[in-house]
Every structure is written in structure tokens, then in C-alpha cells.
Amino acid sequence: MVYDCLMIDDEKLLADSTAEYFNLFGVSTAAVHSAAECRSFFLENSARLLLLDINLGDGSGFALCKELRQKTDVPILFISARTSDDDKIVALHIGGDDYVQKPYSLRVLLAKVKAVLKRYGQNDRYVRGSLTIDFPGRQVLIEGKSIRLTSMEFKLLAYLVRNENRVISKQELFEQVWEDRFTGDGTLNVHIRKLREAIEKDPGRPEYILTVWGDGYRFCGNGQDG
């Protein structure tokens, strides 16, 4: 599932209450309470923004940020009760986008999160190899040339890309893309074939949209078979 925000904080009550507050105001948010739970989260889900505590029970938020930066470029806002300027400098140097001081106002933090989501959404482009996707403009380009996709084809491609390098089951695609758990395999197969014909150099040997037999599909962000 794709969330707007993931909160990673070992203060369980604070993390859960913040997530609940955000959800009430239309920002879909999940909360995890350790680095290990964060890694598990990304096996099945993705998020457009991360709120990351510097101090985690099973490790450093700084170390987790470095690890996450090898896999994703989503904005990361550090949250911490520590006031050292050195911490702020390190946070921004290793890939953080902002530093939020505890205790914080839920209303103020929500406004900041919404502003970041809006800012990144307005400049939301995906570029890998010859493939460019302009999400707000709903435009797909191969080697700079625009290609035509139907609304559902674009929606399917966008969902695969948003969850790149994660195996996505057919059932999840039925529910999240078609919003219908009863969509058939035939419909999905046709759309996958059309997408491969549109973006792959050789649709018979896809580099981006890979079939994981018995499980579903995986969008390979490296643009390599595997």
C-alpha cells in the first residue's frame, strides 16, 4: 500500500497518536517503532514522505537514513528532542530535508508535512534510463518522445513505479489500481503487455516490468533484468 507519510519513532504513543491525527486530516499515515519495523514496512508498502526520529531503540536514525537513501529519494524530515546544531548539520548532510524539534505541535507539523507533500508532488518526475514519467502531467516519455497511454495504463504504471523494486501481487493491483478485487487476470495481463510494448526496448525480454512467477510483478528501478 502507498501511504502519504511514514512515522518512524520508538516513542510508541507519540508515533501512533501523530499518525492517527494525520489520518483524521486526510494524510494517510502509518507508524512503526524501530529500524527493523521500518525495513519490514518497505517490503510490502511505500511512503511519499518519512518522519524519522534520530534516536531509535534498535539503532540510530542517522544510520537508517543512510540505508534508506540507497533505495529511495523521498523527502525525510528528522524529528528529535536533541537541540545540538551538530545534529541538525549531520541530518541535512546525510540526506534529510528538514529538522523538527520535539515537543512539536501536531497542527504545525501537519501543515509542514502537507507543504512538503504538495511541493514534491508539483515537481514529481521519475527518470530512469530512457524512461521519464511526469506524474502531475500524466505524461510518459521514452528517449524524450511522448508515448500515449490510456488512463488505466498510466495508473497501473504509476503504481508499479511508486512501488519500484517491490514484488506486487495481482490482488494488490486489482484492489489499488482498479479498486475492484474481482478484476480478472486477463485484464491485468493485457495492460501489462501494453505497457511493455510502450516502454520496453524488447517487450519479450522486459527490463523494467518483470514477472515474478507465482507472486505478481516487480518494477525494476535499475532498468535491468533480474
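Residues numbered from 1 in each chain as written. Predicted model: local features only at pLDDT ≥ 70, side-chain atom pairs only at ≥ 80, totals over all residues. Heavy atoms only, no water.

(A) Up close: the packing of aromatic side chains. Going through the model one piece at a time under the given rule, you end up with seven aromatic pairs. Plain terms: the ring middles of Tyr 21 and Phe 25 are 4.9 Å apart, the flat faces sit at 45° to each other, and that makes the pair tilted. We classify Tyr 21 as partly exposed; its relative accessible area is 21%. Here Phe 174 and Trp 178 contribute two aromatic rings whose centre-to-centre distance is 6.5 Å and whose plane-to-plane angle is 70°, an arrangement assigned as edge-to-face. (Phe/Tyr/Trp six-rings, centres within 6.5 Å; stacked < 30°, edge-to-face > 60°. Buried < 20%, exposed > 50% of the residue type's maximum accessible area, 1.4 Å probe, protein only.)

(B) Highlighting the pairing of strand E16 (residues 216–219). Examined bridge by bridge, strand E14 (residues 168–169) and E16 share two bridges and lie antiparallel to one another. If you follow Ser 169 over to E16, its bridge partner there is Gly 216. By the bridge criterion, four bridges tie strand E15 (residues 209–212) to E16 in an arrangement that is antiparallel. By the bridge assignment, Thr 211 is partnered in E16 with Tyr 217. The antiparallel pairing of E15 with E16 creates a hairpin that spans three residues between the two strands, and Gly 214 there sits at a positive phi of about 85°. (Pairing = 2+ DSSP bridges. Helix = DSSP H or I, 4+ residues; strand = E, 2+ residues; numbered from the N terminus.)

(C) Just helix H2 (residues 35–44), in detail. Where H2 is concerned, the buried positions are Ala 35, Cys 38 and Phe 41. Looking down the long axis of H2, one finds its buried residues gathered within 110° of arc, a one-sided arrangement. Buried positions along H2 lie against strand E1 (2–3), strand E2 (5–8), strand E3 (29–32), strand E4 (46–47), strand E6 (55–56) and helix H3 (61–69). (Arc of directions from axis to C-beta. Contact = heavy atoms within 4.5 Å.)

(D) Layout of the nonpolar core. Among the nonpolar cores identified, the biggest contains 27 residues, and Leu 160 and Phe 219 are the most heavily contacted of them. Taken together, the elements giving at least two residues each to this core come down to strand E11 (131–134), strand E12 (139–142), helix H6 (151–162), helix H7 (170–176), helix H8 (185–199) and E16. Per element, the largest residue contribution to this core is seven residues, and it comes from H6. Sequence-distant contacts of Phe 219, that is, excluding residues within four places in its chain, are made with Tyr 126, Leu 131, Leu 157, Leu 160, Val 161, Glu 164, Asn 165, Ile 199, Tyr 208 and Ile 209. Within the second largest apolar cluster, 22 residues are counted, among which are Leu 6, Ala 35, Leu 56 and Val 74. (Core = buried A, V, L, I, M, F, W, Y, C linked by side-chain atoms within 4.5 Å.)

(E) Quick peek at helix H1 (residues 12–24). An ideal rise of 1.5 Å per residue puts 18 Å on 13 residues; H1 measures up with 18 Å between its terminal C-alpha atoms. Listing the buried residues of H1 in full gives Ala 15, Thr 18, Ala 19 and Phe 22. Seen along its axis, H1 keeps its buried residues to an arc of 100°; they face one direction. Exposed side of H1, more than 90 degrees from the buried face: Leu 13, Glu 20 and Leu 24 are the residues found there. Gly 26 sits one or two residues past H1 and shows a positive phi near 85°. (Expected span 1.5 Å × (residues − 1).)

(F) Fine view of unusual backbone geometry. Omega for the bond connecting Lys 102 with Pro 103 falls within 30 degrees of zero, at -10°, which places this linkage in the cis form. Tracing the sequence through the fold places Pro 103 in the loop between strand E9 (98–101) and helix H5 (106–122). For Glu 143, which is not glycine, the phi dihedral falls at a positive 50°. Tracing the sequence through the fold places Glu 143 in the loop between E12 and strand E13 (145–147). In this structure Glu 143 comes out as exposed when scored by relative accessible area, which is 63%.

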